[in-house]
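# Structural overview for review
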Amino acid sequence: MSHQGNTWEKEYRNPLFVTKNDGPQADTLRFLKFLKKEQKYKIEDKNILDLGCGTGRNSNYLAERSNNVIGIEISKTAIDLAKTRAKNLGVVVDYKMGDIGNNYEIENNSIDLVLDVTSSNSLDEAGRDIYLNEVNRVLKNGGYFFVRALAKDGNKNVKNLLKISPGKEYDTYIIKEIGLTERVFSREDFIKTYNKYFKILKLEKKTSYTTFNNRIYKRDYWLAYLQK
Ligand SMILES: C[S@@+](CC[C@H](N)C(=O)[O-])C[C@H]1O[C@@H](n2cnc3c(N)ncnc32)[C@H](O)[C@@H]1O
């Protein structure tokens with residue numbers, strides 16, 4: 001497994017910041033509401049791909065609404081928990097252990113909706129290229145893509161990390177306590193990365209606070225509603 005994969009596995013075994021919440025993620029719910037209200041799009045009986053699905057909070061929620069869900073996740077501990085929760089809920093999700101920076105075993109133009117809820121930030125540039133190509137390949141024309149990704153703009157903590165703990169690639173830093181490399185995006189950079197393949201229906205920045213090692217950190221995220 002890749003270094004980043006091992007880091008995530010360690011994190012799930014002994015969590016410092018990752019959430020094991022099993023309710024659906026709030027920004028994801030807002031995106032689903034947007035589809036329903038503003039796009040008049042029904043979130044039932046769809047084929048959904050959840051990238052870096054973690055412990056399955058979004059996958060299981062969507063499967064409960066009669067969708068066919070595939071979840072790809074690199075951590076065995078996380079995916080085992082996702083499977084147990086799905087079983088307890090009585091839903092079926094196709095959980096696959098895998099790397100979202102490698103080719104997906106999924107047919108062309110077969111997916112209606114792709115979710116990347118804070119998962120692709122830990123890909124390197126080569127992995128990111130594959131991820132973008134693969135999402136584009138598996139999504140149907142007109143299919144939707146929700147991305148929640150770390151934002152660089154206006155965040156002092158990010159600015160500081162880029163300076164004192166830079167990673168090897170552009171706009172990356174290493175969280176030393178856990179050995180995880182994260183990629184952050186300026187607005188311009190985010191748009192350039194995604195509009196090569198997808199139409200940007202909406203892009204907004206949102207601040208959240210997270211506890212890490214008993215300290216509270218401000219994290220900024222891009223919430224992007226995209227369409228192929
Ligand atoms: C911040 S967590 C978010 C989990 C989930 N999307 C959620 O909203 O609860 C990021 C997830 O992406 C997974 N991940 C990171 N890199 C990955 C990769 N290259 N392939 C598959 N999963 C990956 C991590 O193991 C972790 O579960």
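Residues numbered from 1 in each chain as written. Predicted model: local features only at pLDDT ≥ 70, side-chain atom pairs only at ≥ 80, totals over all residues. Heavy atoms only, no water.

### Regarding the site of the ligand
To keep it simple, the criterion reads: We define proximity as follows: a residue is near a molecule or strand when any one of its heavy atoms falls within 4 Å of that partner. Counting of polar contacts relies on pairs of N or O atoms within 3.5 Å, with two restrictions inside protein: one atom must be capable of donating a hydrogen and the other of accepting it, and residues adjacent in sequence are counted only when both atoms are side-chain atoms. Each accessible area value is a Shrake-Rupley result obtained with a 1.4 Å probe; residue values ignore everything except the protein chains displayed when judging cover. Think of it this way: any DSSP run of H or I at least four residues long counts as a helix, any run of E at least two long counts as a strand, and we number them from the N terminus. Gly counts as polar in this scheme, as do all residues outside two lists: the nonpolar Ala, Val, Leu, Ile, Met, Phe, Trp, Tyr, Cys and Pro, and the charged Asp, Glu, Lys and Arg.
Not every one of the 17 residues close to the ligand is listed here, only the nearest: Y12, G52, R57, E73 and D99. Within the side chain of R57, one N or O atom sits 2.5 Å away from an oxygen atom of the ligand. One of the backbone nitrogen or oxygen atoms of I74 is found 3.3 Å away from a nitrogen atom of the ligand. Alone, the ligand offers 590 Å² of accessible surface; in the complex the protein occludes 93% of this. Elements supplying a minimum of two residues to the shell around the ligand: α1 (3–13) and α3 (57–64). Tallied by class, the residues present in the shell around the ligand amount to seven nonpolar, seven polar and three charged.

### Details of the environment of Y131
The following threshold applies: For the exposure calls, accessible area comes from a 1.4 Å probe over protein chains only, and a residue counts as buried if that area is under 20% of its type's maximum, exposed if over 50%, partly exposed in between. Any two residues whose heavy atoms approach within 4.5 Å are treated as being in contact.
In this fold, Y131 is placed in helix α5 (residues 125–138). Here Y131 falls in the buried class, since its relative accessible area comes to 0%. Sequence separation between Y131 and N103 is 28 residues, and the spatial gap between their C-alpha atoms is 7.7 Å. Apart from residues lying up to four places away in sequence, Y131 is in contact with L51, I100, Y104, D116, S120, L123, F145, V147 and Y194. Of note is the side chain of Y131, whose polar atom sits 2.7 Å from the side chain of Y194.

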